[in-house]
Amino acid sequence: MELAELGFDIWYQKKQEELQRPDCSVARITRVDRDRYLVRNEKNEVQAEPTGKLLFSAESGQDLPCVGDWVFVQYHNDGELAIIHQVLPRKTFLRRKSAGNSVDYQLIASNIDIAFIMQSCDFDFNLRRMERYLVMTNEGRVEPIILLSKSDLVSAEDLERRIEEIRLARIDARVIAFSNKTAAGLEVVQQALEKGKTYCLLGSSGVGKTTLLNHLLGREEFETNPVREKDGRGRHTTARRQLTVLENGALLVDTPGMSELGMISVGGSIDKSFSDIHELSKNCRFNDCSHTTEIGCAILMAVQSEEVSEERYQSYMKLMKESAFHEMSYVERRKKDKQFGRMIKNAMKLVRKRKPLS
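The model shown is predicted, which means the values in this text are computed figures rather than measured ones.

Thoughts on the overall build of the protein chain
Then, number 1: Check the secondary structure of the protein chain and you find 10 helices and 13 strands.
Then, number 2: Per-residue burial for the protein chain yields a buried fraction of 49% across its 358 residues.
Then, number 3: The long-range share in the protein chain, meaning contacts at least 24 apart out of those at least 6 apart in sequence, stands at 67%.
Then, number 4: For the protein chain, the exposed surface amounts to about 19,400 Å²; the carbon and sulfur share of it is 49%.

In structure tokens:
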């Protein structure tokens, strides 16, 4: 297998040449399971670990390797262990706010060409969550395709109604409906996969991501769990992030189900995802319009005339406020981290200058 078959194109070749690391080989991160890594090169896939320098120089989790990354490595133990020295620049990425109270970024995957945003046609269908995924893909410059799974659980009329809801929400991404159970639409999903391109499955637990991956592989390679009948929810079958090479040469990343999709500093991506509302904002009477109570707010007038649905307006405002709030918290935290780092460096300088006692 050539590196090009793993997605290593001219863009990455130029970055490799610019960084000038003749002492290292290039490989791709294919699996991340907590602090354990697998990398793949032209020949095989081996376990890997980052150098201490890479770990200690990382200012945040974003600086550490994630699935999909291209990295500089050196091999040891007759090629059975790779040491990761450096992460090559990322062309695209998928990230969110870390789950819980922590205000930091969590990388989901990198160097992704197309993200499959997956929702089921029954309990899981949620336009507001879909909008959040679209903001994520827009921020990372990843093309989205929406997959509606479990199409066998709804009538043809209900399925068309779901798709119409997506269009009325001004979501123009391609939509593919399919069923893991009956195989309806699976051929269309397969046709969307191109050799050498990297895809990523995004969605909640229980929507059928791992089952779809097994179908695309043509074998039951990954474990799946049944969902609860009362609400259609599933347990986290996938705890890892893993890149798999499919039979047709496409590369697919499976990810754990995400219950939280917090946003940090993604105002521009929100404007792109809600381009209709962003265009309306240019006609507001005041440049600093908050779009809440002002007279002459073009967005509020569009909501009143039902040109923009109240649900879509509320979603836009909620995402903008959330993004701005977490951005302030993130900037403040980074400021404190830098101040603490400078304090430690100054203390170490004093220790080195101190003369030993005679």
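So, next bit.
Quick notes on the environment of Ile112
Then, number 1: In this fold, Ile112 is placed in the loop between strand E7 (105-110) and strand E8 (114-120).
Then, number 2: On the basis of relative accessibility, which here comes to 2%, the residue Ile112 falls in the buried class.
Then, number 3: The spacing of Ile112 and Leu251 is 139 residues in sequence and 9.4 Å in space, taken between C-alpha atoms.
Then, number 4: If we skip the residues at most four places from it in the chain, Ile112 touches Thr92, Leu94, Val142, Thr198, Tyr199, Cys200 and Val253.

Quick notes on the pattern of salt bridges
Then, number 1: Taken as a whole, this structure holds 17 salt bridges when the rule is applied.
Then, number 2: Between Asp9 and Lys91 there is a salt bridge whose closest N-O contact spans 2.6 Å. Of this pair, Asp9 sits in the segment before helix H1 (10-19) while Lys91 is found in the loop between strand E5 (81-87) and strand E6 (93-97), placing the two residues 82 residues apart along the sequence.
Then, number 3: Between Glu194 and Lys197 there is a salt bridge; the shortest N-O distance is 3.8 Å.

Details of the side chain of His291
Then, number 1: Turning to its location among the elements, His291 is positioned in the loop between helix H8 (275-281) and helix H9 (298-304).
Then, number 2: Assessed through its relative accessible area of 11%, His291 is described here as buried.
Then, number 3: Sequence-distant contacts of His291, defined by excluding residues within four places in its chain, comprise Ser281, Cys284, Cys297, Ile299, Leu300, Tyr313 and Met317.

Some remarks on the pairing of strand E10 (residues 174-177)
Then, number 1: In the sheet, strand E9 (residues 143-149) pairs with E10 via 4 bridges, with the strands oriented parallel. Looking at E10, one finds that Leu147 is bridged to Ile176.
Then, number 2: Each parallel crossover has a hand, and for E9 linked through helix H4 (residues 156-168) to E10 it is right-handed.

Here's the deal with the nonpolar core
One recurring pattern in soluble globular proteins: nonpolar side chains tend to sit buried together.
Then, number 1: With 53 residues, the main nonpolar core has Val39, Ile84, Leu94, Ile146, Ile166, Ile171 and Leu202 as its most contacted residues.
Then, number 2: At 5 residues, the largest contribution of residues to this core is made by helix H3 (residues 127-139).
Then, number 3: Met118, Leu147, Phe178 and Leu213 belong to the second-largest nonpolar core, a separate cluster that totals 22 residues.

Reading the values: the criteria
- Residues numbered from 1 in each chain as written.
- Predicted model: local features only at pLDDT ≥ 70, side-chain atom pairs only at ≥ 80, totals over all residues.
- Heavy atoms only, no water.
- Helix = DSSP H or I, 4+ residues; strand = E, 2+ residues; numbered from the N terminus.
- Buried < 20%, exposed > 50% of the residue type's maximum accessible area, 1.4 Å probe, protein only.
- Contact = heavy atoms within 4.5 Å.
- Areas by Shrake-Rupley, 256 points an atom, 1.4 Å probe, with all protein chains shown as cover.
- Salt bridge = Lys/Arg side-chain N within 4 Å of Asp/Glu carboxyl O.
- Pairing = 2+ DSSP bridges.
- Right-handed = clockwise from strand over helix to strand, strands pointing away.
- Core = buried A, V, L, I, M, F, W, Y, C linked by side-chain atoms within 4.5 Å.

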